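# Working through the structure, step by step
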Amino acid sequence: MQDAVTEHIRASPETVWELVSDVAQTHRYSEETFEAEWLDGATGPAVGTRFRGHVHRNGRGPTYWSTCRITACKPGREFGFEVLVGGRSINNWHYRFQPEDDGTDVTESFRLTPSIGTRLYWTLAGWARGRTNRANMRATLQKIKAIAESGG
């Protein structure tokens, strides 16, 4: 109920972190989230800060809003958030930034929060969603790479 993908990006960890942690810019690189906004008067990332993303699941639908809460926020090192349903975490997304030679190794990962519901879901549809998540993480990191390496 988890997976990770790593991509080398020729940009500093701080540059890539700033791009990823600005959730209002998620539409530039996400495969499913086409807009996002800070909640509760927040204007930037901090542990505990909430935001919501407008998601077009699997590129086909359904389309819905997901409320998320930041769980890790260390500039140039890591950024993570949990997806909430009814105030409870169901999925955790995490980015880790490791300085490496001429840039940064960026690892994006997800982990479903263990519960009876997520175990049942993963048993029935996990093979397909896992494959989609891996492909989307690769595509997301490729887009982040293109943006970060172009300076924009």
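Quick summary incoming for the structure in this document. (Residues numbered from 1 in each chain as written. Predicted model: local features only at pLDDT ≥ 70, side-chain atom pairs only at ≥ 80, totals over all residues. Heavy atoms only, no water.)

### Examining the overall build of the protein
Our working rule: Strands are runs of DSSP state E lasting at least two residues, helices are runs of H or I lasting at least four, and both sets are numbered from the N terminus onward. Only the C-alpha atoms count toward the radius of gyration. The rule for a globule is 2.2 Å times the residue count to the power 0.38. Note on definitions: a residue-residue contact is assigned when non-hydrogen atoms from the two residues lie within 4.5 Å. Only four residue types enter the tally: Lys and Arg on the positive side, Asp and Glu on the negative side, with His and both chain ends excluded. Lys charges are placed at NZ, Arg charges at CZ, Asp charges at CG and Glu charges at CD.
Along its length, the protein carries two helices and seven strands. Along its sequence from the N terminus, the protein presents helices and strands in the succession β-α-β-β-β-β-β-β-α. Taken over the C-alpha trace, the protein has a radius of gyration of 15 Å; the compact-globule value for 152 residues is 15 Å, and the two agree within 12%. When its C-alpha atoms are laid out on the principal axes, the protein stretches across 45 × 35 × 25 Å. Counted over contacts in the protein with a minimum sequence separation of 6, partners at least 24 positions apart contribute 48%. Across the protein, the mean location of the 19 positive side-chain charges is 9 Å away from that of the 18 negative side-chain charges.

### Some points on the pattern of salt bridges
We apply this condition: Salt-bridge detection follows one rule: a side-chain nitrogen of Lys or Arg within 4 Å of a carboxyl oxygen of Asp or Glu. A 1.4 Å probe rolled over the protein chains alone gives each residue an accessible area, and that area as a share of the maximum for its type sets the label: buried under 20%, exposed over 50%, partly exposed in between.
According to the stated counting rule, one finds 10 salt bridges in the structure shown. Two residues, Lys 145 and Glu 7, come together in a salt bridge whose shortest N-O distance is 3.4 Å. One end of the pair, Lys 145, is in helix H2 (residues 116–149); the other, Glu 7, is in strand E1 (residues 2–9), and 138 residues separate them in sequence. Here the two residues Lys 145 and Glu 7 agree in accessibility, since each one is buried. In this structure, the salt-bridge partner of Lys 74 is Glu 78, at a minimum N-O distance of 3.3 Å. The partly exposed category is assigned to Lys 74, whose relative accessible area is 39%. Where salt bridges share partners, they join Glu 7, Arg 10, Lys 145 and Glu 149 into one cluster.

### A few points about the packing of aromatic side chains
The test is simple: Paired rings are identified among Phe, Tyr and Trp, the last through its six-membered ring, by centres lying within 6.5 Å, and are further divided according to the angle between planes into stacked (under 30 degrees), edge-to-face (over 60) and tilted (the rest).
Inspection of the entire model under this criterion finds four aromatic pairs. Relative to Phe 110, the ring of Trp 93 has its centre 5.5 Å away and its plane inclined at 40 degrees; by these criteria the two rings are tilted. Pair noted here: Trp 93 is in strand E6 (residues 88–100) and Phe 110 is in strand E7 (residues 103–112), with a separation of 17 residues, a long-range link. For the pair Trp 93 and Phe 110, a shared accessibility class is recorded, and that class is buried.

### Section: the layout of surface pockets
Filter applied, for reference: The method works on a 1 Å grid over the protein atoms by themselves. A cavity is a set of points holding a 1.4 Å probe that cannot get out, a pocket is an open set with protein on both sides within 12 Å along at least five of seven lines, and residues with an atom within 4 Å of a point line them. Grid points are joined across faces, edges and corners, and a volume is the space filled by probe spheres set on the points. Each residue is assigned to one class: nonpolar for Ala, Val, Leu, Ile, Met, Phe, Trp, Tyr, Cys and Pro, charged for Asp, Glu, Lys and Arg, and polar for all the others, Gly among them.
Its boundaries defined by the atoms lining it, the largest pocket holds a volume of some 740 Å³. Lining the largest pocket we find 34 residues, and of these Glu 32, Thr 33, Val 83, Asn 91 and Trp 93 sit closest to its centre. When residues of the lining of the largest pocket are traced back to their parent elements, those giving at least two are strand E2 (33–38), strand E3 (50–56), strand E4 (63–74), strand E5 (78–85), E6, E7 and H2. For the lining of the largest pocket, the leading source of residues is H2, giving seven residues. Taken together, the residues of the lining of the largest pocket sort by class into 19 nonpolar, 10 polar and five charged.

### Some details on the pairing of E3
Short version of the rule: Pairing between strands is defined by DSSP: at least two bridges between the two strands are required.
Both E2 and E3 contribute to a ladder of five bridges, which runs antiparallel. For Glu 37, the partnering residue across the bridge sits in E3 and is Arg 52. Pairing of E3 with E4, which is carried by seven bridges, proceeds in the antiparallel orientation. Its bridge partner lying in E4, His 54 is registered against Trp 65.

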